[in-house]
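# Architecture and fold: a report
The primary structure of each chain is shown beneath.
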Amino acid sequence: MKRFENKVCLVTGAGSGIGAATAMAFAEEGGKVIVADINETAAMAIADKINLAGGDAVALVVNIADKASVQNMIGVAVEKYGRLDCAVNAAGIAGKLTAPLHEYPEEDWMNMMQINLFGTYYCLKEEVTQLLKNGGGAIVNVSSAAGLVAQPGNSPYATSKFAVVGLTRTAAKEYATQNIRINAICPTAIETPMIMEGRRKLAHDPVALEAAKNYQAMKRMGQPGEVANVIVWLCSDEASFITGHAMPVDGGAFA
Ligand SMILES: NC(=O)c1ccc[n+]([C@@H]2O[C@H](COP(=O)([O-])OP(=O)(O)OC[C@H]3O[C@@H](n4cnc5c(N)ncnc54)[C@H](O)[C@@H]3O)[C@@H](O)[C@H]2O)c1
């Protein structure tokens, strides 16, 4: 029997990168997957890929920064599959700017908090509420290496990701006796559109690309599938005694 047979797995940010790899990994393990993203086309493409391969997935549009949209996401998921067993909060942004704190535009600063922190909080709140109703489950929040150490030039990102670790650890203790495990992962550089084409544009900057690779002891970036494997393991029964962790996925960077 596959590890997630008969389990319902929700992934936000599932249209791209780490979230997409996680949605596909759950499906390969037999899970029914809710592929949630603000980008409808991207979410549908991943859900189609899963269904064409013989899996069971549904695409869902959500803006995690909007509480009502998050409530709708959980409502539709439970209406479709009847319950929720695992949730992965991978949706997030890294911003477009590199600037010191005193020059970082306040509007962009607040927007990043609204998505990365409050969005994750809205998701976590609704997911826990549902897990309490159906007897428990597991949640993974996608923080970052920038949730463990400073990221100069991107203060709102680091602040939001540190806060996600605090949220994770606190919630883990609050629900530990109610069969709900809550962990965070803290990846370093992972080869996804966010890092290759986003703020850091590594695909177009060979020097920055080399530096990003060298940050890891392994002298390479991680692949989305390598992060997905950790997330799926944390959600599985094999991790039954693990809760409240902020686990680096870092190719030895923090060794
Ligand atoms: N790539 C890295 O190096 C890296 C490292 C550490 C942490 N992370 C974190 O991993 C997570 C996934 O990042 P990724 O690298 O796969 O990026 P990505 O840009 O490839 O994917 C992010 C997905 O989130 C979706 N999204 C953005 N805002 C949303 C919103 N408001 N509501 C719903 N969906 C939204 C996007 O449409 C996109 O599909 C993020 O939280 C990111 O901060 C990434």
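Look up a bit, the structure's there.
Structural notes, computed from the coordinates. In this text, all values refer to a predicted model and were calculated from it rather than measured experimentally.

The next subject is the site of the ligand. Surrounding the ligand, one finds 28 residues, the nearest of these being Ser16, Ile18, Asp37, Tyr157 and Thr192. In this structure, a nitrogen atom belonging to the ligand sits 2.9 Å away from a side-chain N or O atom of asparagine 63. The contact in question runs from an oxygen atom of the ligand to an N or O atom on the side chain of threonine 192, over 2.5 Å. For the ligand, the protein covers 91% of the area, taking 830 Å² as the surface of the free molecule. Secondary structure elements with two or more residues in the shell around the ligand: α1 (17–28), α5 (155–175) and α6 (193–196). In terms of residue count, α6 provides more of the shell around the ligand than any other element does, three residues in total. Its residues assigned to classes, the shell around the ligand comprises 16 nonpolar, 10 polar and two charged.

A few words on the sheet that holds strand β1 (residues 8–12). Strand order in this open sheet of seven strands is β3-β2-β1-β4-β5-β6-β7, and the pairing throughout is parallel. In this open sheet, the two edge strands, each paired with only one partner strand, are β3 (56–61) and β7 (246–249). The average angle at which neighbouring strand axes cross in this sheet is 20°, direction not considered. Pairing geometry for β1 and strand β4 (residues 86–89), over four bridges, is parallel. Bridge assignment links threonine 12 to a residue of β4, and that residue is asparagine 89. Each of β1, β4, β5 (137–142) and β6 (180–187) is contacted by helix α4 (residues 106–133), which is oriented at about 175° to β5, the strand it contacts most. Sitting on the sheet, α5 touches β5, β6 and β7, and the angle it makes with β6 is about 160°.

Basis of the calculations
Residues numbered from 1 in each chain as written. Predicted model: local features only at pLDDT ≥ 70, side-chain atom pairs only at ≥ 80, totals over all residues. Heavy atoms only, no water. Near = heavy atom within 4 Å. Polar contact = N/O pair within 3.5 Å; in protein donor to acceptor, adjacent residues only side chain to side chain. Areas by Shrake-Rupley, 256 points an atom, 1.4 Å probe, with all protein chains shown as cover. Helix = DSSP H or I, 4+ residues; strand = E, 2+ residues; numbered from the N terminus. Nonpolar A, V, L, I, M, F, W, Y, C, P; charged D, E, K, R; others polar. Pairing = 2+ DSSP bridges. Axes fitted to C-alpha atoms, helices over the stretch in contact; angles between N-to-C directions. Contact = heavy atoms within 4.5 Å.

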